2 protein chains.
Amino acid sequence: MIKNRIKKLRELMKINKIDVYYVPTDDDHMSEYVADHFKSREYITGFTGSAGVCVITLKEAGLWTDGRYFTQAENQLKNSGVTLYKQRQAGVINFEDFIAEKLPKNGVLGFDGKVVNEMTKERLLSFIDKKNGKIVLDKDLIGEIWENREDIPLDKCFILADKYTGESSSKKIVRLREKMKEENSDVLIFSSLEDVCWLFNLRGSDVENTPLTYSYAILEKDSVTLYINSNKLDSKVNKELLKNNVVIKEYDEIQNDLYKLNNKVVWLEKSCLNSFLYSQINDTNTIIDKVNPTKLFRAVKNKIQIKNIRNAHLKDGIAMTKFLYYVKNNIGKEEMSEISVSEYLENLRRQQEGFITPSFNTISAYKGNAAMMHYSANEESNAILKPEGFLLVDSGGTYFDGTTDITRTITLGKISDEDKKLYTLVLKGMLSLMRAKFLYGTTGINLDILARGPLWQHDIDYQCGTGHGVGFVMSVHEGPQNIRWGHNPNAAVIEEGMVVTDEPGVYIANKIGIRIENELLAVNLTKNFYGQFMGFETITYCPIDLDAVDVKYLTNEDLETLNSYHKMVFEKISPFLDKKEKAWLKIQTRMIKK
Amino acid sequence: MIKNRIKKLRELMKINKIDVYYVPTDDDHMSEYVADHFKSREYITGFTGSAGVCVITLKEAGLWTDGRYFTQAENQLKNSGVTLYKQRQAGVINFEDFIAEKLPKNGVLGFDGKVVNEMTKERLLSFIDKKNGKIVLDKDLIGEIWENREDIPLDKCFILADKYTGESSSKKIVRLREKMKEENSDVLIFSSLEDVCWLFNLRGSDVENTPLTYSYAILEKDSVTLYINSNKLDSKVNKELLKNNVVIKEYDEIQNDLYKLNNKVVWLEKSCLNSFLYSQINDTNTIIDKVNPTKLFRAVKNKIQIKNIRNAHLKDGIAMTKFLYYVKNNIGKEEMSEISVSEYLENLRRQQEGFITPSFNTISAYKGNAAMMHYSANEESNAILKPEGFLLVDSGGTYFDGTTDITRTITLGKISDEDKKLYTLVLKGMLSLMRAKFLYGTTGINLDILARGPLWQHDIDYQCGTGHGVGFVMSVHEGPQNIRWGHNPNAAVIEEGMVVTDEPGVYIANKIGIRIENELLAVNLTKNFYGQFMGFETITYCPIDLDAVDVKYLTNEDLETLNSYHKMVFEKISPFLDKKEKAWLKIQTRMIKK
């Protein structure tokens, strides 16, 4: 099937005189998760992971993806004719060099400019410069061969009340206009869905598990315009928007409005605005290519949000604890599969007040399946759980008062000493980051080794970051902050009010996957002669499976961190449990020592 | 005195129509330590630290220096009329902004372009751009008022034999020409003294404690030229240089040779070439502004160097151990001062084979004096040692087979529990970095928190990096690698064969200074699926004072690291001690546990 699609694509490439065709994973807004309409890369390769790009020449086809997806991609690309290129592995060509190498002299690189951001376009242009290559950016060839393609979603929107967001849209506009003034900017373009939704306190459900809505916005000194399909807005939402003097235009009209800009200082983000829209802005305008200030505003949660987030985590922790109680006490007694327990958990979340949607596709992965970091069980792969080995469940909920992301790996029965060692090293890393204190100015690059170090000491690595920012009733992965060790000249300083995940892991292909994930809220601690010390408040409340812990690998400091965490979990969660669950939790959160 | 000098300078500024005059710490080669001839900033402010810049307007005078020197600068600037600006402290203006603020519209910023590198010149130009400011770079006004200024040194040079350097000059030239070819460069300019000396395996003694010689070099495709005062070269050195077809010209001739360059691709380092020489290169040439490949070549030590370096450290460790034995056993029995013990130590080093010079001014600092990170005892400050409190000694030797840098802080008698706590936290950090394992690709930004974290956990910081690279029979501070946590987009990856210091500390003004410093050699360890794991071999062999350790703050892992280090120290050093010293070392390196 894939081979046939690629064949059709190549026919179109020949007709359009395109030598190399590039298919990324993005939608028109560079979103991480995209609606089915935009899954062109999946359509043409069969690979379903959330990250990766495909390059097709008249003779070859390649898929590039990162360490989280190597195992999954290897499986899904079998017999597709598409070669897997493992990103950032020694000796593996990157896709830009591949394009440059394969493009003939004076050749043409084609793509759908709506799903390729301007920065990437310019980078690709620099790579094919020596071949005197040309770019054609108005050809959605996948769209031409794709039968029964889904439409762009048109789901209804809603306004998230100020009691949840802690800040009205009008106040946000004031803050943003101050930033625009600092940059002497006339026009600020909102191309990321998160930015638009944050600005208007608007939410939708266009993308599975992410309460966003396909839209753009343009903020000017004296006006603000929302570009959205008007069918999505009911009278209540309309009224709310008009109250703030928001001009509402149809989604596609942004193209024309950008085309009409003249002699303006236009603030946009080349890494986020698609290259097709960018090409509509004429040269009389001055471009400021700088991250939208909304990104940092979104990342730093206000006091009302923080209060709400803690409450969302409390509800989520209750659901998770009840879930763990169920699995640990019923394994071997009733039939369970990866999918069935995942559904059981979702049902528990749905019973919590204000639940909107899971915050992403639950990863319920048994034994070797868990080695695939972003595994998603389907009917074919769905493993039956037995009273042995590890079950990894990475899941989260979006509630009106917050978004959660939590991973617990639990033993379903006997595990080996080696398994306990691996589990405990992961735990040790997680605890070490959790209790970190650091001076203001610190970034995730500085902190990563706290979580990763205990594994590195045993010659083990996890080929992904340690943590990511989490949105507020939005995307579960939101920057700019993260906890990663790799080179990043733009690494964001950890600010008070930011949320990051703390999720080290061990992944051994076909054998084992262990991850333990809590969310951490950055808080200010002592301020003294040396500066502002900061630390983390753990906002995930759920027991960690002590059955898998070998205390030999933990220091007294580690044990103190773990025990005091468990004490808090019991205090927070136990009032919401029935008698049996409560007794069980008491044991699960018992103090342990050497 | 200082006030008078500044008054004279201001008169010259007025005559030369200069509104703001800038005086950095550098020499013509941007060296860290400079010959007395170049100590203009010290001459005009009275501040003797090794880092800092001075800015003088017609009304104000300011000195900017970093955390290592705050206390010292405060003392030395008293009554000078020069204001201390603490670099990187919240709310403190940086000197570039100060210049921009103080410069009048269309004003003139002046400096001696020979001691200001081209990069700094261009940065300063960008800061004064909005004032339409002009730069005058050929006025050494300090030189004009400086009576009895020292000449640029003319000390004799020597060639460091291949058995020490492990690589002949001709082989180095081949490696460099390959790099030049990669960059399509015709001309590579050597402006840093370390680069020139490395290239020719040339050493001198122009700068106190640093075996460098004032010189430049230009490498072309088919020639290599050394610019140096010919009086420095005896017939043996001349012969050796001519063997490699080195063209020898007088030091100042480089100016003319740069002036004559036409239509060449010239590789230079704007951050290292002085702006006066840069101004001599005409526009027909194409400039590649990139770090000289020599810098990385120098940093990665070859096998012969590594063997030699270990031997240098063995000799240095013997001297240090004998020194510690002497101080610990004679304190209270005979009179000792900061200076006397420092001389005693230097004498012990001089007795070692192949000793050339101390590698920097010994820091011998008692009690509160040690809070000044780069304290240098003088007759006035020289503290008498008593059998109580801490003595910090940071010192090193340059031998024909290597350069060392070591700090030990020892108790001279009773210390408080709080002192023990601080000492042990410093030690804990040092041990943690020492045993670190990490994947290839790691930089000092990732590693710093291992050493600093134990102090941060107790709301303490040291306001400097954790470690620096060390040269080979050259400068004691050499990059590009270091261990620092701050933002650095150019942070160097730790490569096998690099040497870094591991020296966390605690500094409380007027109270206490504790630093423990070992040198670490980066080595490759396991290579597996995840990549190349690396670690450190400790190459400093000298006991750490257990009298100051409170085991309560150490984990079993810390104790293992410490005990196995001490076991090695005893094995390496004891064969070179007399009976009493040996018995003492046995106790000093005893295994400790909780």
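Just so we're clear, the structure is a prediction, and the values are computed from it rather than from any experiment. (Residues numbered from 1 in each chain as written. Chains lettered and ligands numbered in written order. Predicted model: local features only at pLDDT ≥ 70, side-chain atom pairs only at ≥ 80, totals over all residues. Heavy atoms only, no water.)

**A few points about the overall build of chain A**
When helices and strands are tallied, chain A shows 19 helices and 28 strands. Computed over C-alpha atoms, the radius of gyration of chain A comes to 25 Å, within 12% of the 25 Å expected from 2.2 N^0.38 for 594 residues, which places it in the range of a compact globule. Summarising its shape, the C-alpha atoms of chain A cover approximately 70 × 55 × 50 Å along the three principal directions. Looking at chain A as a whole, 61% of its 594 residues qualify as buried. Sequence-distant contacts in chain A: of pairs separated by 6 or more residues, those separated by 24 or more amount to 69%. The positive charge centre, built from 79 side chains, and the negative charge centre, built from 82, are 3 Å apart in chain A. (Helix = DSSP H or I, 4+ residues; strand = E, 2+ residues; numbered from the N terminus. Rg over C-alpha atoms; globule rule 2.2 N^0.38 Å. Buried < 20%, exposed > 50% of the residue type's maximum accessible area, 1.4 Å probe, protein only. Contact = heavy atoms within 4.5 Å. Lys, Arg positive; Asp, Glu negative; His and termini not counted. Charge placed at Lys NZ, Arg CZ, Asp CG, Glu CD.)

**Digging into the interface of chain A and chain B**
Contacts between the two partners involve 32 residues from chain A and, on the opposite side, 32 residues from chain B. Linking chain A with chain B are two salt bridges. Across the pair Asp459 of chain A and Lys437 of chain B runs a salt bridge, and its minimum N-O distance is 3.0 Å. When residues in the side of chain A that touches chain B are grouped by element, the largest group, six residues, is from helix α17 (residues 444–456) of chain A. (Salt bridge = Lys/Arg side-chain N within 4 Å of Asp/Glu carboxyl O.)

**Here's the deal with helix α14 (residues 303–330) of chain B**
Residues and elements named next belong to chain B. Taking 1.5 Å per residue as the helical rise, α14 with its 28 residues ought to reach 40 Å, and the 40 Å between its terminal C-alpha atoms agrees with that figure. Among the 28 residues that make up α14, 21 are buried, leaving the element largely enclosed by the rest of the structure. Regarding α14, its N-cap is Asn302, as a side-chain oxygen of that residue lies 3.2 Å from the backbone nitrogen of Ile304 further along. Looking one or two residues beyond α14, the residue adopting positive phi is Gly332, at roughly 85 degrees. (Expected span 1.5 Å × (residues − 1). Polar contact = N/O pair within 3.5 Å; in protein donor to acceptor, adjacent residues only side chain to side chain.)

**As for the confidence of the model for chain A**
For chain A, per-residue confidence averages 96 on the pLDDT scale, and residues scoring 70 or more make up 100% of the total. Overall fold confidence (pTM) sits at 0.91, and the ipTM for the predicted complex is 0.90. (pLDDT = per-residue confidence, 0-100.)

**Some points on the relation of the copies chain A and chain B**
Superposing chain A onto chain B takes a rotation of 180 degrees combined with a translation of 0.1 Å along the rotation axis, leaving an RMSD of 0.0 Å. The transformation relating the two chain copies, once decomposed into turn and shift, fits a two-fold axis. The overlap is high: 100% of the interface residues of chain A also sit at the interface in chain B, so the same surface is used on both sides. (Least-squares fit on C-alpha atoms with pLDDT ≥ 70 in both.)

**Focus: unusual backbone geometry**
Residue Pro480 of chain A is reached from Gly479 of chain A by a cis peptide bond, and omega for that bond is 5 degrees. For Pro480 of chain A, the location among the structural elements is in the loop between β22 (467–468) and β23 (482–483). Not every positive phi belongs to a glycine, and Asn106 of chain A is a case in point at roughly 60 degrees. The residue Asn106 of chain A is located in the loop between α4 (95–102) and β5 (108–110) in this model. For Asp459 of chain B, which is not a glycine, the phi torsion comes out positive at approximately 60 degrees. In this structure, Asp459 of chain B sits in the loop between α17 (444–456) and β22 (467–468).

**Re the side chain of Arg10 of chain A**
Residues and elements named next belong to chain A. Along the chain, Arg10 turns up in helix α1 (residues 2–15). It turns out Arg10 is buried and unbridged, and the closest side chain with the opposite charge, Glu60, is 8.1 Å from it. Engagement of the side chain of Arg10 in a polar contact is seen with the backbone oxygen of Thr57, the distance being 2.6 Å. Excluding residues within four positions of it along the chain, Arg10 makes contact with Ile56, Thr57, Leu58, Lys59, Glu60 and Ala61.

**Description of the packing of helix α14 (residues 303–330) of chain A against helix α19 (residues 579–588) of chain A**
All names here are of chain A. Axis separation between α14 and α19 bottoms out at 10 Å; the angle between their running directions is 85 degrees. As far as their axial angle goes, α19 and α14 are roughly perpendicular. Between α14, through Thr321, Lys322, Leu324, Tyr325, Lys328 and Asn329, and α19, the contact on the second element is made entirely by Lys580, Glu581, Trp584 and Leu585. Across the contact of α14 with α19, the residue classes tally to four nonpolar, two polar and four charged. (Axes fitted to C-alpha atoms, helices over the stretch in contact; angles between N-to-C directions. Parallel < 35°, antiparallel > 145°, perpendicular 65-115°, else oblique. Nonpolar A, V, L, I, M, F, W, Y, C, P; charged D, E, K, R; others polar.)

**A closer look at the sheet that holds strand β3 (residues 61–65) of chain A**
All names here are of chain A. Here six strands make up an open sheet; going across it, the order is β4-β3-β2-β1-β5-β6 and the pairing mixed. Two strands close off the open sheet at either side, each with one partner strand: β4 (83–86) and β6 (134–136). Recorded for the sheet is a direction-independent mean angle of 25 degrees between the axes of neighbouring strands. Across four bridges, strand β2 (residues 53–57) lies against β3 in antiparallel orientation. Its bridge partner lying in β3, Val53 is registered against Trp64. Running at roughly 60 degrees to β2, α1 makes contact with β1 (20–23), β2 and β3 of the sheet. Across the face of the sheet, α4 comes into contact with β1, β2, β3, β4 and β5 while running at roughly 10 degrees to β2. (Pairing = 2+ DSSP bridges.)

**Notes on the sheet that holds strand β20 (residues 406–411) of chain A**
Residue and element names in this part refer to chain A. Read across the open sheet, the three strands follow the order β16-β17-β20; overall the sheet is antiparallel. Edge positions in the sheet fall to β16 (363–366) and β20, since each has one partner strand and no second. Within this sheet the neighbouring strands show an average axis-to-axis angle of 10 degrees, counted without direction. Where α14 meets the sheet, its contacts fall on β17 (390–395) and β20, and the angle it forms with β20 comes to roughly 15 degrees. Contacts from helix α15 (residues 338–350) reach β16, β17 and β20, with the element oriented near 145 degrees to β16.

**With respect to the side chain of Asn563 of chain B**
Residue and element names in this part refer to chain B. Along the chain, the position of Asn563 falls in helix α18 (residues 556–573). Of the residues examined, Asn563 reaches a relative accessible area of 12% and is grouped as buried. Those residues within four positions of Asn563 in sequence are excluded, and the remaining contacts are Arg590, Met591 and Ile592.

**Observations concerning the pairing of strand β16 (residues 363–366) of chain B**
Residue and element names in this part refer to chain B. Residues Ile363 and Ala365 of β16 are buried on one face, and the alternating residues Ser364 and Tyr366, pointing to the opposite face, are buried as well. In the sheet, β16 pairs with strand β17 (residues 390–395) via four bridges, with the strands oriented antiparallel. Opposite Tyr366, over in β17, you have Leu391 as the bridge partner.

**Examining the pattern of salt bridges**
Under the definition given, this model contains 76 salt bridges over all chains. One salt bridge connects Glu167 of chain B with Arg175 of chain B, and the closest N-O pair in it is separated by 2.7 Å. Taking relative accessible area as the criterion, Arg175 of chain B reaches 30% and is therefore assigned partly exposed. In this structure, a network of salt bridges that share partners links the residues Lys428, Arg435, Glu557 and Asp558 of chain A.

**Focus: helix α9 (residues 193–200) of chain B**
Residue and element names in this part refer to chain B. Among the eight residues that make up α9, eight are buried, leaving the element largely enclosed by the rest of the structure. Residues of α9 that are buried include every one of Leu193, Glu194, Asp195, Val196, Cys197, Trp198, Leu199 and Phe200, and no others. After α9 finishes, the residue Asn201 shows a positive phi value of roughly 50 degrees.

**Considerations on the environment of Ser126 of chain A**
All names here are of chain A. Checked against the element boundaries, Ser126 lands in helix α5 (residues 118–127). Overall, Ser126 belongs to the partly exposed group, its relative accessible area being 46%. Separated by 26 residues in sequence, Ser126 and Ala100 place their C-alpha atoms 9.3 Å apart.

**As for the packing of aromatic side chains**
Evaluated as defined, the whole model comprises 40 aromatic pairs over all chains. Centroid distance Tyr326 of chain A to Tyr344 of chain A: 3.6 Å. Interplanar angle 10 degrees. Geometry classified as stacked. Pair noted here: Tyr326 of chain A is in helix α14 and Tyr344 of chain A is in helix α15, with a separation of 18 residues, a long-range link. An angle of 10 degrees between the planes, with centres 5.6 Å apart, marks the rings of Phe390 of chain A and Tyr423 of chain A as stacked. Highlighted residues: Phe390 of chain A in strand β17 and Tyr423 of chain A in helix α16 (residues 417–434), separated in sequence by 33 residues. Note on accessibility: Phe390 of chain A and Tyr423 of chain A belong to one class, buried. Through a chain of ring-to-ring contacts, three or more aromatic side chains come together here, namely Tyr22, Trp64, Tyr85, Phe95, Phe98 and Phe111 of chain A. The aromatic ring of Tyr462 of chain B is capped on one face by Arg452 of chain B, whose charged end is 4.0 Å from the ring centroid. (Phe/Tyr/Trp six-rings, centres within 6.5 Å; stacked < 30°, edge-to-face > 60°. Lys NZ or Arg CZ within 6 Å of the ring centre and 35° of its normal.)

**Comments concerning the environment of Tyr541 of chain B**
Residues and elements named next belong to chain B. Topologically, Tyr541 is positioned in the loop between β28 (531–538) and α18. The class of Tyr541 is buried, set by a relative accessible area of 2%. Expressed as a C-alpha distance, the spacing of Tyr541 and Glu560, which sit 19 residues apart in the sequence, is 17 Å. Setting aside its immediate chain neighbours within four residues, Tyr541 contacts Arg310, His313, Leu314, Gly317, Thr321, Tyr565, Met568, Val569, Lys572 and Ile573.

**Considering the pairing of strand β1 (residues 20–23) of chain B**
Residues and elements named next belong to chain B. Neither face of β1 is left uncovered, since the one carrying Val20 and Tyr22 and the one carrying Tyr21 and Val23 both have all their residues buried. Two elements, β1 and strand β2 (residues 53–57), share four bridges in a ladder whose sense is antiparallel. Bridged to Tyr21 within β2 is Ile56. As defined by bridge partners, β1 adjoins strand β5 (residues 108–110) across two bridges and the pair is classed as parallel.

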